[in-house]
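# Structure assessment
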Amino acid sequence: MTMAKQWELWTPDIRIANSVAGVSQYFEISKRSHASLQSNGPSSTRVEVYPTFSIKMACKFDYSAYPFDEQACALRLYTAQPMREVQLSVYYNIPPTVLLGWGRQSAKKHVSDWELLSITNNISYYSDRKFSYKAPTSGAQFARTCFKSICFRSILLTWITVRRIAIYYGIALVLPGIVSMLFNILSFLVPKSEHSFYILVANFFIQAIFLQDVVFELPPAVGNAPKIVRFGEWTLIETIVALFLHFWIRRLEAQNQRSTGKMAKFALNFVPGHSEPKLFPDEENAASDEASLIGSDAPYIVTVVKSICAACFFLFSLLISLIYLI
């Protein structure tokens, strides 16, 4: 085995296809390390170099499944020389490794909010104007690796797969949304309409601030928006609808009318301590089966409307929670 200085040896011009600085950036691998040369026979020599370098690469992430998303990013290495001169390959099929710490932290698998799942590599080839994982085998295929003065190369792909670990997702994002929905339902159960308006207006501003913080903190989504964003949007829409309903309920309170007919009879079944009210036939049509509910036991129309709204908002909130939170 012979030791030599790296800068005394010829090395291919390696570039990063998905570099943040661009494909044509000047990328320099440190040449201060030494190289070991070992003869494999009269016609070949194995050269081993372990250089260091620092590079920023760009990857296309899809955060639509946040916070249960898994992302895969590939480091794409290629050479400036065409494939008929330099062909990349996985060194003795040795799998790649990632070291996130030293000593006791050598087994570390977490970085910030991400957990390292796996790291793999493979080679991609260009042949017949197409990229494939099958290497060219004939001289004619190697000759076709250049087309219109544009030479294509072999590309070494190192795939890194990570998974997000969102520990405070439930407390920081889900719980405030559920509390806002409960405030919307509570607004229909409060006796005084003034208190209902106070609850909804305060809830509206809280949601606006909360939704703004959520959108600001969440990463941009390449695909669809994350489910928690949709959940916040529907919660905000629910609050606005509840606010308009309370304007209508306020007008019903001003009319101070009692409910009559089957609606009043049905509503009284859910009021404890009330007996079934008396029914009188209609004066205009005595033979009719319809009856009118008259008396002090009849509930007000506004009470029936608020009860129906509370039930509908509860069912809608439950449906939205099942769709976007599970």
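Residues numbered from 1 in each chain as written. Predicted model: local features only at pLDDT ≥ 70, side-chain atom pairs only at ≥ 80, totals over all residues. Heavy atoms only, no water.

Another aspect to go through is the side chain of Ser180. Considering the arrangement of structural elements, one finds Ser180 in helix α2 (residues 169–186). When residues no more than four places from it in sequence are discounted, the contact partners of Ser180 are Asn203, Gln207 and Thr235. (Helix = DSSP H or I, 4+ residues; strand = E, 2+ residues; numbered from the N terminus. Contact = heavy atoms within 4.5 Å.)

Our focus in this paragraph is the packing of aromatic side chains. Inspection of the entire model under this criterion finds nine aromatic pairs. On the basis of an interplanar angle of 80 degrees and a centroid distance of 5.8 Å, the ring pair of Phe204 and Phe205 is categorised as edge-to-face. We classify Phe204 as partly exposed; its relative accessible area is 29%. Ring-pair connections join several aromatic residues into one group, and the members of that group are Phe61, Tyr63 and Trp114. (Phe/Tyr/Trp six-rings, centres within 6.5 Å; stacked < 30°, edge-to-face > 60°. Buried < 20%, exposed > 50% of the residue type's maximum accessible area, 1.4 Å probe, protein only.)

Let us now look at the UniProt feature "transmembrane region" (unreviewed entry) in the protein. Per the UniProt annotation, the sites labelled "transmembrane region" (unreviewed entry) are residues 166–190, 196–216, 228–249 and 300–325. In residues 166–190, the share of helix is 72% and the share of strand is 0%. The end C-alpha atoms are 36 Å apart. (UniProt positions renumbered as here; feature names shortened; annotations may be inferred.)

A few words on the packing of α2 against helix α6 (residues 301–325). Orientation of α2 relative to α6, taken along the N-to-C sense of each, is 160 degrees, at an axis distance of 9 Å. For the element pair α2 / α6, the angle class is roughly antiparallel. Crossing of α2 over α6 shows right-handed handedness. Counting all contacts with α2, which are made through Tyr169, Val174, Ile178, Met181, Asn184 and Ile185, the residues of α6 involved are Ala310, Phe313, Phe314, Ser317, Ile320, Ser321 and Leu325. (Axes fitted to C-alpha atoms, helices over the stretch in contact; angles between N-to-C directions. Parallel < 35°, antiparallel > 145°, perpendicular 65-115°, else oblique. Left-handed = near helix turned anticlockwise from the far one by under 90°.)

Applying the stated rule across the entire model yields one cavity of 30 Å³ or more. Estimates place the volume of the largest cavity at around 70 Å³. Considering the residues around the largest cavity, the lining is formed by Leu173, Gly177, Ser180, Gln207, Phe210, Leu211, Ile228, Phe231, Gly232 and Thr235. Of all the secondary structure elements, the ones that give two or more residues to the lining of the largest cavity are α2, α3 (193–217) and α4 (227–255). (1 Å grid on protein atoms, 1.4 Å probe; cavity = no way out; pocket = protein on both sides within 12 Å on 5 of 7 lines; lining within 4 Å. Points joined across faces, edges and corners; volume = space filled by probe spheres on them.)

Turning our attention to the sheet that holds strand β3 (residues 34–39). Read across the sheet, three strands follow the order β1-β3-β4 without closing on themselves; strand pairing throughout is antiparallel. What marks the edges here is a single partner per strand, and that holds for β1 (2–5) and β4 (45–49). Within the sheet, the average angular offset between the axes of one strand and its neighbour, ignoring direction, is 30 degrees. (Pairing = 2+ DSSP bridges.)

Our focus in this paragraph is α6. Helix length check: α6 (25 residues) gives 35 Å between terminal C-alpha atoms against 36 Å at 1.5 Å per residue, within 8%. Along α6, the residues that are buried comprise Val302, Val304, Val305, Lys306, Cys309, Ala310, Phe313, Ser317, Ile320, Ser321 and Tyr324. (Expected span 1.5 Å × (residues − 1).)

Glancing now at the packing of α4 against α6. Helix-helix packing is characterised by the crossing angle of the two axes and by the distance between the axes. One can describe the packing of α4 onto α6 by two numbers: an axis separation of 11 Å at closest approach and a directional angle of 175 degrees. In this view, α4 runs roughly antiparallel relative to α6, as classed from their interaxial angle. In terms of residue class, the contact of α4 with α6 is built from 19 nonpolar, two polar and five charged. (Nonpolar A, V, L, I, M, F, W, Y, C, P; charged D, E, K, R; others polar.)

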